[in-house]
Amino acid sequence: MKNKRLITILVILAVLVIVGILVPTMSKKSSKKTEVKAAKVGVLQYVTHEALDTIYKGIKTGLKEEGYSGKKVDIEFLNAEADQSKIATMSQTLVNHKNDVLIGIATPAAQGLANASKEIPVVMGAVTDPVGAKLVKNLKNPGGNVTGVSDKTPIEAQLKLVKQLTPKVNTIGIIYSSSEDNSKSQVEEFKTLADKLGYEVVEYSVPSTNEIATTMNVMLPKVDAVWIPLDNTIASAFSSVVSAAKDAQKPIYPSVDTMVSEGGLASVAIDQYQLGVETGKMAAQILKGKNVSKMSVKVMKEGTPVVNEKVAKELGITIPEEILDKADKK
Ligand code: TRP
């Protein structure tokens, strides 16, 4: 009887000792496994504007959250400033410098990188229409060396806001860049949805920022309000849009909060910083060994209402309480 009890105690003790030794070594092993190896990340931003700058900040945070900061990451950052030839040469530079993963901020940058390499993984940072831009065959199964984050403009919610804030609007004018694949698909979708709601839509495309002011002046007399897609060319020279619309006393409905701060009336917009964070995290997962061709594109489409109360006041528009309560105020 006594012996039995002694044996039980000894067995329990032995188990405790073994567990005590095994568990810490096992967890050490697994922490070794997730320890990140230093990596080189090449980033190409299409042009300077606040939304893209914010996305880049988010990308650095996303990488950091996955362990890629300080000595663990060497980021080579280039900005093509909307110059097509720079996109090509800078993409090649990032490839030649043997970066482990490439990140393209905005459609033209992602396209440049995808053209420069079929091997190095390319992560799209905020590409609105990855299929239309021929960056991936399929959002679920990209299949090649490109995946990333897509920002799908919440157009339906934006149109609802147009109705709520400016019920008398009949004709909406769109201005966008003819060289951006991301804008083409947004304009098509906007026209279809606006048509269903009974709006007239007129669209004007510009080859570069130089034509924005004159085009606005041609368009404004024909429209009651202006809608702007996620268009990099317009975003980078948005002040020309704002000053023309201000003179004509017409509201602008842009697709991003930064353009609301800069003089647009209101929007339902996707968080730009968060787009960047998700992009950085996807790049980090690839660096840790995930297969790029099997990673689905992450589509972000939920927006938050954003209003510019000063602009509303200047236009004599009262923003209903229910919208003000939920909205970010710029
Ligand atoms: N989605 C755009 C593209 O595909 C890039 C973009 C992100 C953007 N945020 C923006 C453009 C804000 C204009 C304004 O190229």
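Residues numbered from 1 in each chain as written. Predicted model: local features only at pLDDT ≥ 70, side-chain atom pairs only at ≥ 80, totals over all residues. Heavy atoms only, no water.

### Comments concerning the overall build of the chain
Moving on, step 1. Per the secondary structure count, the chain includes 13 helices and 13 strands.
Moving on, step 2. In terms of overall size, the chain is more extended than a compact globule, its C-alpha atoms giving a radius of gyration of 25 Å where 330 residues would be expected to give roughly 20 Å.
Moving on, step 3. Its C-alpha atoms put the chain at 100 × 50 × 35 Å along the principal axes.
Moving on, step 4. A burial count over the chain gives 49% of its 330 residues as buried. (Helix = DSSP H or I, 4+ residues; strand = E, 2+ residues; numbered from the N terminus. Rg over C-alpha atoms; globule rule 2.2 N^0.38 Å. Buried < 20%, exposed > 50% of the residue type's maximum accessible area, 1.4 Å probe, protein only.)

### Quick look at the site of the ligand
Moving on, step 1. Around the ligand sit 18 residues in total, of which Thr107, Ala126, Thr128, Asp151 and Gln272 are the nearest.
Moving on, step 2. Residue Asn182 places a side-chain N or O atom 3.2 Å away from an oxygen atom belonging to the ligand.
Moving on, step 3. Look at the ligand: alone it shows 360 Å² of surface, and the protein chains cover 100% of it.
Moving on, step 4. Broken down by secondary-structure element, the contributors of at least two residues to the shell around the ligand are helix H2 (50–65) and helix H8 (232–236). (Near = heavy atom within 4 Å. Polar contact = N/O pair within 3.5 Å; in protein donor to acceptor, adjacent residues only side chain to side chain. Areas by Shrake-Rupley, 256 points an atom, 1.4 Å probe, with all protein chains shown as cover.)

### Comments concerning the packing of aromatic side chains
Moving on, step 1. The final tally for this structure, using the stated rule, is 2 aromatic pairs.
Moving on, step 2. With centroids separated by 4.2 Å and ring planes inclined at 25 degrees, the aromatic side chains of Tyr56 and Phe77 adopt a geometry described as stacked. One end of the pair, Tyr56, is in helix H2; the other, Phe77, is in strand S2 (residues 73–79), with 21 residues separating them in the sequence.
Moving on, step 3. Where Phe190 meets Trp227, the ring centres are 4.1 Å apart and the plane angle is 15 degrees; that geometry is what we call stacked. Residue Phe190 is located in helix H6 (residues 181–196), and its partner Trp227 is located in strand S8 (residues 225–227); the two are separated by 37 residues in the primary sequence. (Phe/Tyr/Trp six-rings, centres within 6.5 Å; stacked < 30°, edge-to-face > 60°.)

### Structural notes on H2
Moving on, step 1. The end-to-end C-alpha separation of H2 is 23 Å, in line with the 22 Å expected for 16 residues at 1.5 Å each.
Moving on, step 2. Looking only at H2, the buried set comprises Ala51, Leu52, Thr54, Ile55, Tyr56, Gly58, Ile59, Gly62 and Leu63.
Moving on, step 3. Elements that come into contact with the buried residues of H2 comprise strand S1 (39–45), S2, strand S3 (101–105), H8, helix H10 (257–261) and helix H11 (272–287).
Moving on, step 4. Positive backbone phi, approximately 100 degrees, marks Gly67, located one or two places after H2. (Expected span 1.5 Å × (residues − 1). Contact = heavy atoms within 4.5 Å.)

### What about a nonpolar patch on the surface?
Moving on, step 1. Side chains of Val131, Leu139 and Val299 sit close together on the surface and give an oily, nonpolar patch of about 190 Å² of accessible area.
Moving on, step 2. Along the chain, Leu139 turns up in the loop between strand S4 (122–125) and strand S5 (146–151).
Moving on, step 3. Residue classification places Leu139 among the partly exposed positions, given a relative accessible area of 32%. (Patch = residues over 30% accessible without salt bridge, like charges linked within 9 Å, V, L, I, M, F, W, Y side chains within 5 Å. Salt bridge = Lys/Arg side-chain N within 4 Å of Asp/Glu carboxyl O.)

### Brief notes about the domain arrangement of the chain
Moving on, step 1. Per the domain assignment, the segments of the chain are domain 1 (39–152 + 271–296) and domain 2 (155–269 + 304–329).
Moving on, step 2. A separation of 28 Å is found between the C-alpha centroids of domain 1 and domain 2.
Moving on, step 3. Contacts between the two partners involve 18 residues from domain 1 and, on the opposite side, 15 residues from domain 2.
Moving on, step 4. Buried surface at the junction of domain 1 and domain 2, both sides included, amounts to about 1,200 Å², of which 53% is carbon and sulfur.
Moving on, step 5. Notably, a salt bridge pairs Lys152 with Glu189, separated by 3.1 Å at the nearest N-O pair. (Domains from an automatic or database assignment. Buried area = accessible area lost by both parts, 1.4 Å probe.)

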